[in-house]
Amino acid sequence: MASSEEDGGGNGAVEEKENGKKRRLGALATSWLIFYNVAMTAGWLVLGIAMVRFYIQKGTHRGLFRSVQKTLKFFQTFALLEVVHCAVVRTSVLVTGVQVSSRIFMVWFIAHSIKQIQNEESVILFLVVWTVTEITRYSFYTFNLLNHLPYFIKWARYNFFIILYPAGVAGELLTIYAALPYVKKTGMFSLRLPNKYNVSFDYYYFLIIVMFSYIPLFPQLYFHMLRQRRRVLHGEVIVEKDD
């Protein structure tokens, strides 16, 4: 699932709990995380400005993805570092890895690879959602690391997702759905039998499986964020149930 709403993400926690006590991150680690989050905030802000400027100048969304794709690919791929950051702030490698890799999958293996769908409105939908989400998320992490978190940033972090998360998921699913006919027609990324590896892979059916995977994953991540929202904004004590 391509939304990046999981807290932590290897980015923002200055303090961690370890054996019931809090320990501060080292100065070097904190400095790097501040640099990383400032750079990512700036990158997504540049992307957002470019999108707005394009639409004002052209009056259409057609060609927008192509005009911003280099910036998008760079900063979204750069986010792979968040998996490494998990070793620093002790957040979930699995959750972070899934979220980052799913974003990269959408960028490189869907929007980049299938040029026929780049002008779909659903592509613009998830681009807008990602941009607003990431500007909010990385600025939240930056100010949190600096111990000067404005309430508006915190409020935005834990309120915008209520609408943005479902909208982003809708954009991603509609984009994958729009890609299916082209994938089926061309057989791209598929491996047919017979071949020397004696293995077959059908990218068309893989994409269908990816779409169905949103059904169990989306509610879990969404309701997790709702619980985090109640805890952070309203001070509720949330007890997570073990499976």
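The structure reproduced in this document is the subject of the present report. (Residues numbered from 1 in each chain as written. Predicted model: local features only at pLDDT ≥ 70, side-chain atom pairs only at ≥ 80, totals over all residues. Heavy atoms only, no water.)

Some remarks on helix H8 (residues 203-234)
For H8, which comprises 32 residues, the first-to-last C-alpha distance of 45 Å matches the rise-based estimate of 46 Å (1.5 Å per residue) to within 8%. Roughly 40° is the biggest bend found in H8, and it falls at Leu 217, with proline Pro 219 one to four residues downstream. Those residues of H8 that sit buried are Tyr 203, Tyr 204, Leu 207, Val 210, Tyr 214, Leu 221, Tyr 222, His 224, Met 225, Gln 228 and Leu 233. At its buried positions, H8 is contacted by helix H4 (93-112), helix H6 (151-157) and helix H7 (161-186). For H8, the capping residue at the N-terminal end is Asp 202, with a side-chain oxygen 2.9 Å from the backbone nitrogen of Tyr 204. (Helix = DSSP H or I, 4+ residues; strand = E, 2+ residues; numbered from the N terminus. Expected span 1.5 Å × (residues − 1). Bend = angle between axes of the 7 residues up to and from the residue. Buried < 20%, exposed > 50% of the residue type's maximum accessible area, 1.4 Å probe, protein only. Contact = heavy atoms within 4.5 Å. Polar contact = N/O pair within 3.5 Å; in protein donor to acceptor, adjacent residues only side chain to side chain.)

Some points on helix H1 (residues 27-58)
Taking 1.5 Å of rise per residue, 32 residues should cover 46 Å, and H1 covers 46 Å from first to last C-alpha, within 8% of that figure. Buried within H1 we find Thr 30, Leu 33, Tyr 36, Asn 37, Met 40, Thr 41, Gly 43, Trp 44, Leu 47, Gly 48, Met 51 and Phe 54. Buried positions along H1 lie against helix H2 (64-78), helix H3 (81-89), H4 and helix H5 (121-145). Count one or two residues on from H1 and you reach Gly 59, which has phi positive near 70°.

Some details on a nonpolar patch on the surface
A surface patch of nonpolar side chains, amounting to about 730 Å² of accessible area, comprises Trp 108, Phe 109, Phe 189, Leu 191, Tyr 197, Val 199, Phe 201 and Phe 206. Mapped onto the fold, Phe 109 is located in helix H4. (Patch = residues over 30% accessible without salt bridge, like charges linked within 9 Å, V, L, I, M, F, W, Y side chains within 5 Å. Areas by Shrake-Rupley, 256 points an atom, 1.4 Å probe, with all protein chains shown as cover. Salt bridge = Lys/Arg side-chain N within 4 Å of Asp/Glu carboxyl O.)

A short note on the environment of Thr 186
On the secondary structure map, Thr 186 appears in helix H7. In this structure the C-alpha to C-alpha distance between Thr 186 and Tyr 204, which are 18 residues apart in sequence, comes to 9.8 Å. Of note is the side chain of Thr 186, whose polar atom sits 2.8 Å from the backbone oxygen of Tyr 182. In terms of polar contacts, Thr 186 uses its side chain to reach the backbone amide nitrogen of Met 188, at 3.3 Å.

Looking at the packing of H5 against H7
Where H5 contacts H7, the two axes come as close as 8 Å, and the packing angle between them is 145°. As H5 packs across H7, the resulting crossing turns out to be left-handed. Contact with H5, carried on its side by Ser 122, Val 123, Leu 125, Phe 126, Val 129, Trp 130, Val 132 and Thr 133, involves Leu 164, Ala 167, Gly 168, Ala 170, Gly 171, Glu 172, Leu 174 and Thr 175 of H7 and no other residues of that element. In terms of residue class, the contact of H5 with H7 is made up of 10 nonpolar, five polar and one charged. (Axes fitted to C-alpha atoms, helices over the stretch in contact; angles between N-to-C directions. Left-handed = near helix turned anticlockwise from the far one by under 90°. Nonpolar A, V, L, I, M, F, W, Y, C, P; charged D, E, K, R; others polar.)

Structural notes on unusual backbone geometry
Note the cis peptide between Leu 193 and Pro 194, where omega equals -5°. Within the secondary structure, Pro 194 is located in the loop between H7 and H8. Positive phi is not limited to glycine here, since Asn 147 has a value of about 60°. With respect to the element layout, Asn 147 can be found in the loop between H5 and H6.

Some points on the packing of aromatic side chains
Aromatic ring pairs are reported here in terms of the distance separating the ring centres and the angle at which the planes meet. All told, the structure shown has 25 aromatic pairs when counted by the stated rule. Relative to Phe 78, the ring of Phe 74 lies with its centre 5.8 Å away and its plane at 10°, an arrangement referred to as stacked. Taken together, the residues Phe 74 and Phe 78, both in helix H2 and four residues apart, mark about one turn of the helix. The partly exposed category is assigned to Phe 78, whose relative accessible area is 27%. Connected via pairs of aromatic rings, a cluster forms that spans Trp 32, Phe 35, Tyr 36, Phe 74, Phe 75, Phe 78, Tyr 138, Phe 140, Tyr 141 and Tyr 158. A cation over a ring is seen here: Arg 137 above Tyr 138, with NZ or CZ 4.5 Å from the ring centre. Across the ring face of Tyr 158, the terminal group of Arg 157 is positioned such that the distance to the ring centre comes to 5.6 Å. (Phe/Tyr/Trp six-rings, centres within 6.5 Å; stacked < 30°, edge-to-face > 60°. Lys NZ or Arg CZ within 6 Å of the ring centre and 35° of its normal.)

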